Amino acid sequence: MTALLITAVSLLIFVVIFQISKASEYVAILKGEEHSRKQNNKINGFLMVVFLVLGLIGVWYCNEVLYDKTLLPQGSASVEGERVDSMLWLTLAVTGFVFIGTQIVLFWFAYKYQESDNRKVVFFAHSNKLEAIWTVIPAIVLTVLVVIGLRNWFLFTGEAPKEAMVVEVTGKQFGWIFRYPGKDGAFGKKYYKNIDNASNSLGLIWDDQLTHDDLVMEQTMYLVKGRPVKLIIGSRDVIHDVGLSHFRMKMDAVPGIPTTMWFTPKYTTKEMKEKTGNPDFQFEISCDQMCGNSHYSMKGIIEVVDQAEYDAKMAGQSPYFYTAFPDKDPANAKKDTVKLVAKPVELASKVTAKL
């Protein structure tokens, strides 16, 4: 019903505009083409100024209404992301100044220099001075912005601090897999042909001893406040993109070509809930690259905790090796031992009861 109403209204507006244009043609014929054209020119010049004023008011109003709905008021949740915010504000200042200035000049000129019988048109084919101004100045400004961006990019993708923790992030249709090195501090090797969704979602090579203590989690990544983290990013199928909007970070996840970036979380999830006043707040990892039919649902959670909470969480995780080989899990071995001990005790109890 709503779609039908919108279609009908749109059609009605089109008919009205068409009829107005036809009426204008008839009026022009009756009044004389020259007189009508000059009159329309004055009206258009006035409307240009009106459009300018209303447009600038609309820009201001939209900013007032929508600014709080963006992530800008929260600020960056990572130390390195503050550089991105600074670069964004600088870019907005430069482009905003240019946008407002050019719009004012554009619409004011349309009004001020409308057709007049008392003014003669001046035409010139070329001006070296104007060419130099609108080429050199934008080139300098854009070069400065690009250099700032490159410096930040080289920082984020360069060598992480020595104390940084390392997490491997793997995208898949349509979710995320996170791997942490075990006590040996190193990742084991993997091979894509070993991938098995049931017991080996990353294709780890079990003959490599380094894989035996690796920890694997899906959809939730745990980070430590104030401790740098280096992400080693890859994909299991198609191109994905690690989008960390709260941390102001973003990096492609490409099959067969690992990419890296690092940052330092500033706040725990609990602190952000208090900061935003939202008890349901969560840091998100999203896929920012169209990757298939369910791309929209490819969202993961990032839990930022303090070091003690992180250590406790990792201590409670079982190495992924035991998912593929549960019989080798010491915890299962203890259960089996308890069962073996319990059976003789039960038999002895039954015999004693009969006697």
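The structure presented is a predicted model; accordingly, all values stated were derived computationally and were not measured. (Residues numbered from 1 in each chain as written. Predicted model: local features only at pLDDT ≥ 70, side-chain atom pairs only at ≥ 80, totals over all residues. Heavy atoms only, no water.)

(A) Looking closely at the packing of helix H3 (residues 81–112) against helix H4 (residues 128–157). Running from amino to carboxyl end, H3 crosses H4 at an angle of 165°, the nearest separation of the two axes being 11 Å. Classified by the angle their axes make, H3 and H4 are roughly antiparallel. The two elements H3 and H4 meet at a crossing, and its hand is left-handed. In contact with Arg83, Val84, Met87, Leu90, Thr91 and Val94 of H3, H4 contributes Val141, Leu145, Ile148, Gly149, Asn152, Leu155 and Phe156. (Axes fitted to C-alpha atoms, helices over the stretch in contact; angles between N-to-C directions. Helix = DSSP H or I, 4+ residues; strand = E, 2+ residues; numbered from the N terminus. Parallel < 35°, antiparallel > 145°, perpendicular 65-115°, else oblique. Left-handed = near helix turned anticlockwise from the far one by under 90°. Contact = heavy atoms within 4.5 Å.)

(B) Up close: the pattern of salt bridges. In this structure the tally under the stated criterion is nine salt bridges. The salt bridge involving Glu218 is made with Lys172; its shortest N-O contact spans 3.2 Å. On the criterion of sequence distance, the pair formed by Glu218 in strand E3 (residues 215–218) and Lys172 in strand E1 (residues 165–172) is long-range, its members being 46 residues apart. Of the residues examined, Glu218 reaches a relative accessible area of 40% and is grouped as partly exposed. On the accessibility criterion, Lys172 (14% relative accessible area) is buried. Its salt-bridge partner being Lys225, residue Glu271 comes within 2.9 Å of it at the nearest N-O pair. On the criterion of sequence distance, the pair formed by Glu271 in helix H5 (residues 269–276) and Lys225 in the loop between strand E4 (220–224) and strand E5 (229–235) is long-range, its members being 46 residues apart. (Salt bridge = Lys/Arg side-chain N within 4 Å of Asp/Glu carboxyl O. Buried < 20%, exposed > 50% of the residue type's maximum accessible area, 1.4 Å probe, protein only.)

(C) Expanded view of H3. Along its 32 residues, H3 runs 46 Å from first to last C-alpha, staying within 8% of the 46 Å computed at 1.5 Å per residue. Taken together, the buried positions of H3 are Gly81, Val84, Asp85 and Phe107. (Expected span 1.5 Å × (residues − 1).)

(D) Layout of the sheet that holds E4. Spatial strand order, E4-E10-E9-E6-E7: five strands in an open sheet with mixed pairing. Every interior strand has two partners, whereas the edge strands, E4 and strand E7 (249–253), have only one. The mean inter-strand angle of the sheet, taken between neighbouring strand axes irrespective of direction, is 25°. When strand E9 (residues 283–287) meets strand E10 (residues 299–305), the two strands line up antiparallel, connected through four bridges. Residue pairing across strands places Glu284 opposite Ile301, the latter belonging to E10. (Pairing = 2+ DSSP bridges.)

(E) Representation of the packing of aromatic side chains in the model. Enumeration according to the criterion identifies 13 aromatic pairs in this entry. Where Trp108 meets Tyr111, the ring centres are 5.5 Å apart and the plane angle is 40°; that geometry is what we call tilted. Of this pair, Trp108 and Tyr111 both sit in helix H3, separated by three residues, roughly a single helical turn. The partly exposed category is assigned to Tyr111, whose relative accessible area is 33%. With centroids separated by 5.9 Å and ring planes inclined at 80°, the aromatic side chains of Trp206 and Phe325 adopt a geometry described as edge-to-face. Of the two residues, Trp206 sits in the loop between strand E2 (175–180) and E3 while Phe325 sits in the loop between helix H7 (321–324) and helix H8 (330–354), which places them 119 residues apart along the sequence. Given the relative accessible area of 16%, Trp206 is considered buried. Since its relative accessible area comes to 26%, Phe325 is described here as partly exposed. An aromatic cluster is defined as three or more aromatic residues linked by ring pairs; in this entry it consists of Trp206, Tyr320, Phe321, Tyr322 and Phe325. (Phe/Tyr/Trp six-rings, centres within 6.5 Å; stacked < 30°, edge-to-face > 60°.)

(F) Broad picture of the side chain of Asn200. Tracing the sequence through the fold places Asn200 in the loop between E2 and E3. A polar side-chain atom of Asn200 sits 3.0 Å from the main-chain amide nitrogen of Gly203. In this view, Asn200 contacts Asn194, Ile195, Trp206 and Tyr320; residues no more than four positions away in its chain are not counted. (Polar contact = N/O pair within 3.5 Å; in protein donor to acceptor, adjacent residues only side chain to side chain.)

(G) Seen up close, a nonpolar patch on the surface. A surface patch of nonpolar side chains, amounting to about 1100 Å² of accessible area, comprises Ile43, Phe46, Leu47, Val59, Phe99, Ile100, Ile104, Val105, Trp108, Phe109, Tyr111 and Tyr113. Contributing elements (two or more residues each) for the nonpolar patch: helix H2 (33–66) and H3. A total of seven residues in the nonpolar patch trace back to one element, the largest contributor, which is H3. Mapped onto the fold, Ile104 is located in helix H3. (Patch = residues over 30% accessible without salt bridge, like charges linked within 9 Å, V, L, I, M, F, W, Y side chains within 5 Å. Areas by Shrake-Rupley, 256 points an atom, 1.4 Å probe, with all protein chains shown as cover.)

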